[in-house]
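Summary of structural features
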Amino acid sequence: MSKAAAFLKRSWPALAVAAVALALGAAALWELAGRQRESVAASAGVTNWGLSFQQEGQPPTANATADYLAQFDSVYCVPTEEKILYLTFDAGFENGNTEKILDALKKHGAKATFFLVGNYFETQPDLVRRMAAEGHTVGNHTYSHPDMSKISDRESFRQELEKNEALYQQTVGEEMPRLYRPPQGKFCESNLKMAQELGYKTVFWSLAYVDWYENDQPTPQQAYNKLLPRAHPGAVVLLHSTSKTNGDIMDDLLGRWEELGYRFGDLGALLGEEQEAPPDFQSLYGAG
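Quick caveat: nothing in here was measured; it's all calculated off a predicted structure.

1. Things to note about the overall build of the chain
Regarding its fold elements, the chain presents 11 helices and 10 strands. Within the chain, buried positions represent 44% of all 288 residues. Pairs at least 24 apart in sequence give 72% of the contacts found in the chain among residues at least 6 apart. Here the chain displays about 14100 Å² of accessible surface, and carbon together with sulfur accounts for 53% of that area.

2. Some words on the layout of surface pockets
One number sums up the size of the largest pocket: a volume of about 590 Å³. Taken together, 24 residues form the lining of the largest pocket, with Trp205, Tyr209, Trp212, Leu238 and His240 sitting closest to its centre. Within the residue set of the lining of the largest pocket, elements represented by two or more residues are β4 (84–91) and β9 (235–240). A per-class count over the lining of the largest pocket returns 12 nonpolar, nine polar and three charged.

3. Things to note about the packing of aromatic side chains
Throughout the structure, instances matching the rule amount to 11 aromatic pairs. A ring pair is formed by Trp257 and Phe264, whose centres lie 6.4 Å apart and whose planes are at 65 degrees; its orientation type is edge-to-face. Residue classification places Trp257 among the buried residues on the basis of a relative accessible area of 0%. Feature note: the residues Trp49, Tyr76, Phe187, Phe204 and Trp205 constitute an aromatic cluster, connected by ring pairs. Sitting above the plane of the Tyr262 ring, Lys83 keeps its charged end 4.7 Å from the centroid. Sitting over the face of the ring of Phe53, Arg230 holds its NZ or CZ atom 4.4 Å from the ring centroid.

4. Here's the deal with a nonpolar patch on the surface
A grouping of Val210, Trp212 and Tyr213 is seen on the molecular surface, where their side chains present a nonpolar patch of about 330 Å² in accessible area. Of note, Tyr213 is situated in the loop between β8 (201–203) and α8 (220–227). On the accessibility criterion, Tyr213 (47% relative accessible area) is partly exposed.

5. Describing the side chain of Asn97
The residue Asn97 is located in the loop between β4 and α3 (98–108) in this model. A polar side-chain atom of Asn97 sits 3.3 Å from the main-chain carbonyl oxygen of Thr242. Those residues in contact with Asn97, other than ones at most four positions away along the chain, are Ser241, Thr242, Ser243, Lys244 and Gly247.

6. Notes on the environment of Ala133
Mapped onto the fold, Ala133 is located in helix α5 (residues 125–133). The class for Ala133 is exposed, based on a relative accessible area of 68%. Note: C-alpha distance between Ala133 and Val172 (39 residues apart in sequence) is 8.9 Å.

7. Brief notes about the pairing of β4
Most of β4 sits out of view: eight of its eight residues are buried. A two-sided burial pattern is seen for β4, the buried positions comprising Ile84, Tyr86, Thr88 and Asp90 on one face and Leu85, Leu87, Phe89 and Ala91 on the other. Bridge analysis of β4 against β9 gives six bridges, and the strand direction is parallel. Its bridge partner being in β9, Tyr86 is matched across the sheet by Val236. Viewed along the sheet, the connection from β4 through α3 into strand β5 (residues 113–116) turns out right-handed.

8. Things to note about the pattern of salt bridges
Tallied over the entire structure, the rule returns 15 salt bridges. The partner of Arg130 in a salt bridge is Asp103, with the nearest N and O atoms 2.6 Å apart. With a gap of 27 residues between them, Arg130 in helix α5 and Asp103 in helix α3 connect regions that are remote in the sequence. Of the residues examined, Asp103 reaches a relative accessible area of 44% and is grouped as partly exposed.

9. Concerning the pairing of β5
Burial of the side chains of β5 extends over both faces: Thr113 and Phe115 are buried on one face and Phe114 and Leu116 on the other. Bridge count between β4 and β5: four bridges; the pairing is parallel. Its bridge partner lying in β5, Phe89 is registered against Phe114. For β5 and strand β6 (residues 137–140), the ladder comprises four bridges, and the chain directions are parallel. Bridging across to β6, Phe115 finds its partner in Gly139.

Quick notes on the rules
- For every chain, the first residue of its written sequence is number 1, and the numbers climb from 1 along that sequence.
- Local features are withheld for residues below a pLDDT of 70 in this predicted model, meaning they are given only at 70 or higher, and side-chain atom pairs are given and counted only at 80 or more; totals for whole chains, interfaces and linings count all residues.
- Just so you know, side-chain values use all the structure's heavy atoms and leave hydrogens and water out.
- Counting from the N terminus, the helices are DSSP H or I runs at least four residues long and the strands are E runs at least two residues long.
- Partly exposed residues are those whose accessible area sits between 20% and 50% of the maximum for their type, while under 20% is buried and over 50% is exposed, using a 1.4 Å probe and protein chains only.
- Between two residues, a contact is recorded if the distance between any of their heavy atoms is within 4.5 Å.
- Here, Shrake-Rupley sampling with a 1.4 Å probe gives the accessible areas, and only protein chains in the shown set may cover a residue.
- The distinction between a cavity and a pocket rests on a 1 Å grid over the protein atoms alone: a 1.4 Å probe fits inside a cavity but cannot get out, while a pocket stays open yet meets protein on both sides within 12 Å along at least five of seven lines, and a residue with an atom within 4 Å of a point counts as lining.
- Grid points are joined across faces, edges and corners, and a volume is the space filled by probe spheres set on the points.
- For this classification, the nonpolar set comprises Ala, Val, Leu, Ile, Met, Phe, Trp, Tyr, Cys and Pro, the charged set comprises Asp, Glu, Lys and Arg, and every other residue, Gly included, is treated as polar.
- In this scheme Phe, Tyr and Trp rings, the latter by its six-membered ring, pair at centre separations within 6.5 Å, and the angle between planes marks the pair as stacked below 30 degrees, edge-to-face above 60, and tilted otherwise.
- Counted as over-ring charges are cases with an Arg CZ or a Lys NZ within 6 Å of the ring centre that also lie within 35 degrees of the ring normal.
- In this scheme, patches are assembled from residues that exceed 30% relative accessible area and form no salt bridge. Like charges are connected within 9 Å, while nonpolar side chains (Val, Leu, Ile, Met, Phe, Trp, Tyr) are connected within 5 Å.
- One speaks of a salt bridge when a side-chain nitrogen belonging to Lys or Arg is within 4 Å of a carboxyl oxygen belonging to Asp or Glu.
- Pairs of N or O atoms within 3.5 Å make up the polar contacts considered here, provided that, within protein, one atom can donate a hydrogen while the other can accept it, and that residues adjacent in sequence are counted only when both atoms are side-chain atoms.
- Two strands are said to pair when DSSP picks up at least two bridges between them.
- With its strands directed away from the observer, a crossover is right-handed exactly when the path from the first strand over the helix to the second travels clockwise.

Take a look at the structure:
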């Protein structure tokens, strides 16, 4: 028997085991890639933002994955183990609560992002200027608050954002930050692409509660029951500045979050609105 044949005879068991391991590894990788493709495909069909909270103090599961959203410079939660919250407020109109919210944010040294619609710029220029002067970011919530998932042509989509850009320029005297939140969380993949092409980053959320019914406001305790145990590292918090409950509890709510060890981050700064070079979303949000 030749030396080569003898070597193969001795090594055959080990080679066989290695071959099986390689085959199993390849199969596992293929299955994982398949699941990722299925996940992205499922995300592409979503038109209404949704969350499922599985564990207290942990990020929820969203109905569109971070990998999928990152393709379009879109976020809903910041991946971090640090106890930091990013505060955002949606405002479709003003009913007397925003000043109290701004006072509380100032007291706690917290910077927020306010997503505003067209009539807010037209009717509340002083509050818009105060937001900007106190270091908050003013984002784009569209001019007329439509269901953006039903807008398929680029020109109509562009007008909804550019009308607000012009109003912000007139009010504050600066270019509007390019952060966009779809009204009611309704969107489609073409919306994400169009926003990205217009230079916008689409911002969803990972923590919210039902606070938008003006005539059916939650009690402070109901608000705490949702907002305290569901807080999690890197949360993008959505609240409505039209909520009387939010106005009444904001100072105490911020204090309670602080007692839980959280601090407040600046979403506008994180997403590059105050930087010369915006972040690479694929790396920032773990997409590959």
